[in-house]
Amino acid sequence: MAATRYRAPAQGGLRIAALDDLVAIYHRASGITHLAVAPVPELMEAMAGEWRTLDALADAFGLAADERGALIERLEELVATGLVEAA
């Protein structure tokens, strides 16, 4: 069975603006603005227009095996909001 892969819209598909500790992410395709905190903007940048596996994302952020649960939760939230695709 293939690993789940995740992808965020390419650079032009989002408009991201920092608002102190919050980040506003405008998703051009849906017209919806989402408010987020770190590490969401960093995750979105790491997946911008490219499919990434959980392992690749965990490695990119230097996460240990016991820290991957939090990454999975963030990815599931992003998929539920429509900001990230899963395949």
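Residues numbered from 1 in each chain as written. Predicted model: local features only at pLDDT ≥ 70, side-chain atom pairs only at ≥ 80, totals over all residues. Heavy atoms only, no water.

1. Quick look at the sheet that holds strand S5 (residues 52–53)
Piece 1. Pairing in this open sheet of 3 strands is antiparallel, and the strands run S5-S1-S6 from one edge to the other. Both outer strands of the open sheet, S5 and strand S6 (85–86), are each paired with one neighbouring strand and no more.
Piece 2. Bridging between strand S1 (residues 5–7) and S5 involves 2 bridges; their strand directions are antiparallel. Each bridged residue has a counterpart across the sheet, and for Arg-5 the counterpart in S5 is Thr-53. (Pairing = 2+ DSSP bridges. Helix = DSSP H or I, 4+ residues; strand = E, 2+ residues; numbered from the N terminus.)

2. Points about the packing of aromatic side chains
Piece 1. Using the criterion set out here, one finds 0 aromatic pairs in the structure.
Piece 2. Its guanidinium or amino end placed over the ring of Trp-51, Arg-5 lies 4.8 Å from that ring's centre, counting from NZ or CZ. (Phe/Tyr/Trp six-rings, centres within 6.5 Å; stacked < 30°, edge-to-face > 60°. Lys NZ or Arg CZ within 6 Å of the ring centre and 35° of its normal.)

3. Some remarks on the packing of helix H1 (residues 40–47) against helix H3 (residues 68–81)
Piece 1. Taken N-terminus to C-terminus, the directions of H1 and H3 make an angle of 75 degrees; their axes are 11 Å apart at the nearest point. The angle between the axes of H1 and H3 places the two elements in the roughly perpendicular class. For the pair H1 and H3, the contacting residues are Val-40, Leu-43, Met-44 and Met-47 in the first and Leu-71, Arg-74, Leu-75 and Leu-78 in the second.
Piece 2. Here the residues of the contact of H1 with H3 sort into 7 nonpolar, no polar and 1 charged. (Axes fitted to C-alpha atoms, helices over the stretch in contact; angles between N-to-C directions. Parallel < 35°, antiparallel > 145°, perpendicular 65-115°, else oblique. Contact = heavy atoms within 4.5 Å. Nonpolar A, V, L, I, M, F, W, Y, C, P; charged D, E, K, R; others polar.)

4. Points about the nonpolar core
Piece 1. Counting 17 residues, the largest nonpolar core has Ile-25, Met-44, Met-47, Leu-78, Leu-83 and Val-84 as its most contacted members.
Piece 2. The set of elements that each furnish at least two residues to this core consists of strand S3 (22–27), H1, helix H2 (54–60) and H3.
Piece 3. At 4 residues, the largest contribution of residues to this core is made by H1.
Piece 4. Look past the residues within four positions of Met-44 in its chain and what remains in contact with it is Ala-8, Pro-9, Leu-14, Ile-25, Leu-78, Leu-83 and Val-84. (Core = buried A, V, L, I, M, F, W, Y, C linked by side-chain atoms within 4.5 Å. Buried < 20%, exposed > 50% of the residue type's maximum accessible area, 1.4 Å probe, protein only.)

5. Regarding the pairing of strand S4 (residues 32–36)
Piece 1. With 5 bridges joining them, S3 and S4 adopt antiparallel strand pairing. Its bridge partner lying in S4, Val-23 is registered against Ala-36.
Piece 2. In this antiparallel pair of consecutive strands, S3 and S4, the connection spans 4 residues, and Gly-31 shows a positive phi of 75 degrees.

6. Focus on the environment of Phe-61
Piece 1. Residue placement: Phe-61 occurs in the loop between H2 and H3.
Piece 2. Not counting the four nearest positions on each side in its chain, Phe-61 is found in contact with Glu-42, Leu-43 and Ala-46.

7. A short note on H3
Piece 1. With 14 residues, H3 extends 20 Å between its outermost C-alpha atoms, agreeing within 8% with the 20 Å of an ideal straight helix rising 1.5 Å per residue.
Piece 2. For H3, every residue scored as buried is listed here: Arg-68, Leu-71, Leu-75 and Leu-78. For H3, the angular spread of the buried residues around the axis is 80 degrees, confining them to a single face.
Piece 3. Where H3 is buried, its residues meet S1, H1 and H2.
Piece 4. Gly-82 lies just past H3 and shows a positive phi near 90 degrees. (Expected span 1.5 Å × (residues − 1). Arc of directions from axis to C-beta.)

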